[in-house]
Each structure stands twice: as structure tokens, then as C-alpha cells.
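Residues per chain are reported as follows:
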Amino acid sequence: MISRRNLFGSLTSGLLLGLPWSVSSLYFIIFIAWVPLLVVEEETRDHPNRYILFNYAFVSFLLWNILGSWWITQAQWVGAVLIILANALLQALIFWSISRVRTSLNVPLLFPFLMIWMGYEHFHESWDLAWPWLNLGNALATAPKLIQWVEYTGVRGGTLWIILTNVAIFKMADTYRKRGLGSIVPMGVVIVLLVFIPALVSYQMFIHFREEGETVTVALIQPNLDPYTEKFVPERQAQHLEEFFRTADSILDEETSYLFGPETLIVQQIDERNPSASPYYLQLLDFQAKYAQLNWLVGVHSYQKVGEPAPPGSRFNHEEGFFYEAFNTALFLSPGSEAQFYHKTKLVPLFERMPFVQYLGFLGKYSLELGGYSGTYSLRQERHAFVSPDTSVGILPIICFESAFGPYCARNLPEAKGFICMITNDGWWKNTPGYLHHFNFSPLRAIECRRDLVRVANTGISALIDAKGMVIARTPWWEKATLKGRIHLRHGRTFFVRHGDYLGRISMFLGIFILVCGEIKNCVRKRQKFKNAAP
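Rules used throughout
Residues numbered from 1 in each chain as written. Predicted model: local features only at pLDDT ≥ 70, side-chain atom pairs only at ≥ 80, totals over all residues. Heavy atoms only, no water. Helix = DSSP H or I, 4+ residues; strand = E, 2+ residues; numbered from the N terminus. Rg over C-alpha atoms; globule rule 2.2 N^0.38 Å. Buried < 20%, exposed > 50% of the residue type's maximum accessible area, 1.4 Å probe, protein only. Pairing = 2+ DSSP bridges. Salt bridge = Lys/Arg side-chain N within 4 Å of Asp/Glu carboxyl O. Axes fitted to C-alpha atoms, helices over the stretch in contact; angles between N-to-C directions. Parallel < 35°, antiparallel > 145°, perpendicular 65-115°, else oblique. Left-handed = near helix turned anticlockwise from the far one by under 90°. Contact = heavy atoms within 4.5 Å. Nonpolar A, V, L, I, M, F, W, Y, C, P; charged D, E, K, R; others polar. Expected span 1.5 Å × (residues − 1). Patch = residues over 30% accessible without salt bridge, like charges linked within 9 Å, V, L, I, M, F, W, Y side chains within 5 Å. Areas by Shrake-Rupley, 256 points an atom, 1.4 Å probe, with all protein chains shown as cover.

What follows deals with the overall build of the protein chain. The number of helices and strands found in the protein chain is 14 helices and 14 strands. At 25 Å, the protein chain has a C-alpha radius of gyration in line with the 24 Å of a compact globule built from 535 residues. Dimensions along the principal axes, computed over C-alpha positions, put the protein chain at roughly 85 × 55 × 35 Å. Across the 535 residues of the protein chain, 58% fall into the buried class.

Quick look at the pairing of strand β7 (residues 340-343) now. The alternating pattern of β7 places Q340 and Y342 and F341 and H343 on opposite faces, both of which are buried. As paired elements, strand β6 (residues 322-333) and β7 share four bridges and run antiparallel to each other. Its bridge partner lying in β7, F332 is registered against Q340. Remark: six residues form the turn of the hairpin made by β6 and β7, two consecutive strands paired antiparallel; G336 in that turn has positive phi of roughly 85°.

What the rule picks out here adds up to 25 salt bridges. Here E243 and R246 are joined by a salt bridge, their closest N and O atoms 2.5 Å apart. In this pair, E243 and R246 are both assigned in helix α9 (residues 237-251), three residues apart and thus about one turn of the helix distant. The class for R246 is partly exposed, based on a relative accessible area of 48%. Residue D249 is joined to K290 by a salt bridge in which the shortest nitrogen-to-oxygen separation is 3.0 Å. Here K290 lies in the loop between α10 (279-288) and β4 (295-306) and D249 lies in helix α9, a separation of 41 residues in the sequence. Here the residues in one salt-bridge network are E121, E125, R156 and D501, joined through shared partners.

Moving on to the packing of helix α7 (residues 156-179) against helix α8 (residues 185-208). Axis separation between α7 and α8 bottoms out at 9 Å; the angle between their running directions is 160°. Taken together, the axes of α7 and α8 lie roughly antiparallel to each other. Read as a crossing pair, α7 and α8 show a hand that is left-handed. Contacts between α7 and α8 involve W161, L164, T165, A168, I169, K171 and M172 from the first element and M187, G188, I191, L194, V195, P198 and A199 from the second. Of the residues that constitute the contact of α7 with α8, the class distribution is 11 nonpolar, two polar and one charged.

In this model, helix α3 (residues 52-69) (18 residues) spans 26 Å end to end at C-alpha, consistent with the 26 Å of a helix rising 1.5 Å per residue. I52, L53, Y56, A57, F58, S60, F61, W64, N65, G68 and S69 are the residues of α3 that are buried. Elements in contact with the buried residues of α3: α1 (4-22), α2 (35-44), α4 (77-105) and α5 (110-123).

A cluster of nonpolar side chains, namely V185, V189, L193, I197 and V201, defines an oily patch on the protein surface of about 420 Å² accessible area. Within the secondary structure, L193 is located in helix α8. For L193, a relative accessible area of 45% gives the class partly exposed.

The next subject is the packing of α2 against α7. In contact at an axis separation of 9 Å, α2 and α7 are set at 60° when each is read in the N-to-C sense. Of the possible angle classes, the one that applies to α2 and α7 is oblique. For α2 against α7, the interelement crossing comes out right-handed. Contact residues: V35, L38, V39 and E42 in α2; N166, V167, I169 and F170 in α7. Of the residues that constitute the contact of α2 with α7, the class distribution is six nonpolar, one polar and one charged.

This brings us to α2. Of all 10 residues making up α2, seven are buried, and the element is well covered by its neighbours. Of the residues making up α2, those classed as buried are V35, P36, L37, L38, V40, E41 and T44. Where α2 is buried, its residues touch α1, α3, α4, α5 and α7.

Take a look at the structure:
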């Protein structure tokens, strides 16, 4: 039977977990958000219905996912409902498993909570239904001064901080309920230390951080084309590119070293093996010839022809009769070198690639439509970064959804000095919290890698962000705009870049280990109970 008190606790946790994603300035709420659900877990752990906690947890996580991801409905209702339900069900299963292991092994909640939840977050960035948007550490994205240590831990360090603090507050509340006010002093001291030591360490790192490296002048253009009514209209592609060139002419000078355009600036697909067959590509080359030292980085659609049997997720050109792989691509043009293509490989499930299409090829034709555009992209990657002709400068390209994947971005960071460039089109989500929280991932990636970051968005927000995660300059939302400034070409690789998501990997290994131990103990207990019951 559902308890009103436990249901209220579940809803309260769901609300508190969702608020930092709805109103990013309320990020601090995440430090108490789990407490009501932990109370529910404590009260139901010995319940005769062992699945009762799953039901309460699902209610909590469903509300969290609705508050944190409702904006997807602006693009596609079916996709939004599927993503919200799948994520909530998975999170409820994970939390139920944490409680089950805790009970089976008779261990404090903290250990399985840390290991299994952090391991889940690591896994949730690597499979076909990857959706790291609601990873706990992301709630702190709007407070870069408090999380400078992510250059050592990645965003998983934020998850660790949040879980430790929530469990400590829960323990203090439980101690107060059982023993009174005087007994909570030791745990109160622990909580104060847990909250303030990481924050103070981070602030010291922030104030002592020094910018270094040569600087270059960069310029970006925010075209502000509505993705539903303008951007993907075939008859207007030439007009859009001409307008981009006119705007570029108005801001470029001899000191400008880099010019950036947003994701899918060129919508018509470019053949990567023969790019000159595209009139739009030739226009880029002609314009570049006017500025001898100018480097370009823009978003395009590209493709590569493939033979038979075609790889899963490939498309078929009925007019010319060939199979091809389609890519959401960043194109880099540097004077004196061939075009470099980088493919987006962290694709939005259901929209850009159907999950498990590599095993069930027929799923490819069922990808959901997004503003009149649909189809499965390929995951094949041939390049992880861009390099200058003399290999002295390296650029880490990030395309849209990839900015939510910290370990993936860090793994691709080039050795050479350089910066990060993130291109996106956030107009799909209209004026909702979605584009704002997506923007907040960019400072996180800058801190983790300690590189300046250029963010170029079709409808905003575009920005220049320094290696401390501070926004140097930014454009308004949903306005045509340009931005020009100087960024540093920093070198070096942070601890996180060198070692990746080690916290997540260790947690996943230990989490699987204790899950197996818990199930073995359950089986032994059941067998013993069966023997004892036998006549």
C-alpha cells in the first residue's frame, strides 16, 4: 500500500532534484535534494513488498526528468516522452539496486550509493541510450568558482561531493530524530567541512590561476536562422550563405586568425572524398582566398559513399543508386592544407541515431523527425581534432550534444597548444531552460581541459570563455550577432585529460562487484531458507 508520507517524500526529492535544471541559479538545492528520498529508502527497506521502493523512486525520478528535460517537447513530443520515461525507469532501477545491495550485504548506504550511482553515470555516457544531461555534477555548472577542481576529477567529482553531502545531512537528520539535538554536533561539523573545504579549495585555485600562452584574434557569426521555418529550407540555402559572407566581410581584418560559423551552416551534403563537387564548398574556398591568413571552422552536412554490404545506419541515394554514410560535421579550412572533417559521434538518441541500429539495422528508418529533418547519422570517426598545417596548433571540435560528455571531450584534446571550439544549434528548444543549461556545459569543458573555448550557436548563446570557465563575452539569445575577441593558445594536459573519468571507471567496477556479491548472498540465503523449510 502506498504511504502518503513516503509519496510526499518522493515528490519532494523529485522537485528538489529538478529545480537546478529548471532554474540554474538554484544549484545549491542539489546538496539537500536526495534527503527526502533517502528517508523513504530507510522506511521501506524492510517492507514485505521488496519493489515498493522502486515505485517511490520512479515517482521521484519521473518528476526530476520532467523538470529537467521537458523542453525536448518543443522539438518532438514522442521523443521527449520516450527519453523521460526511459531515463526515469533506469534511475529508479539503479536506486532500487543500491537499496537492495545495502540490505543484502548489511553495509552502510553510502558505499553502494557512491559506487553504483557514479558507475551508472559513467556507463550512461557510453551506450546507445546515453543521456548524461542529468548527471548530478552538472547541477553545479553555473558555479565555476566552486568547481575549479574538476580539472582533476571531471564532473564526476561534483557527483561525489553532492552524494557525500546529502548522505551526511540525512545521517544528521536521522540522528536528531533518534537521539535529540545534542547528538548532531559531530555530524554537523562533518557537514560544514564537506561543504566548505571543496569550495574553499576551488576558490583558491580560481584566484591563483594565471592565463598563459600567446593570443590570437577570433571572430564568430551567429546567423539566427529559425530551424523550423528558415534554416533548412532548400530554396534559401544560397541566400543564407551569401548573408554569412557579407557579415564576415564586415568584421574581418588582417589581424583575424580564425572565423567560426555554427552547426550545419551548410545544409546541403558535401562529399568528403570530393568536396569540390559542392558549389557551397567552392564558395567557402573563394571567400577564404580574400583573407590569406584566415582559418575557418564551420558546421556542415557531409557524406561518404560506401559499398555493399552497407554499414548499419547507412542511407541510400535513390537518384544515383549508391549507399552512403551521413555525418553531422565540423569542417576546418586552413591556408595551405586540405579540408579536415570531424564527425559528431555523440548523437542524440532517437533523433540523430536510433539506438542499437548497429544490431537491428531496420531501426534506422524510424528515427524521429526534427523540424522537417530526419535520418540516422553514422558514428564512424576518422579524426578527433583539427591541427594547423605546421601541427603547432590543435583545436578540439565539439558539436552540440557532445558538450555534455566531459570524458569524451577530454579524451580528444590534442597535445599541441590551442583551444576548444563548440558549434551548436539550440534553436530547436526555443526559449526554454534547455538552451541555457546546454550553454552551461561549455564552461565545465573549459575548466576540465584548461583551454579557452569558443562557442558558436546558430540562434545563441555564442560566447568566448576562458580556461577558468568565466564568460569573456557573449551574444544575446535569438538575435543575429557577431563576436570578436582574443583567446589564449594554451598548452598542457590536465590530470583529468590524462587519466579520463577514473572516478567513474573505478566506481563502475566496484559497483558491479558489490551488485554481484549482493546477488550471491541473496541466492545463498534463499537456498539456506529452502533447506531449513524442507521436512
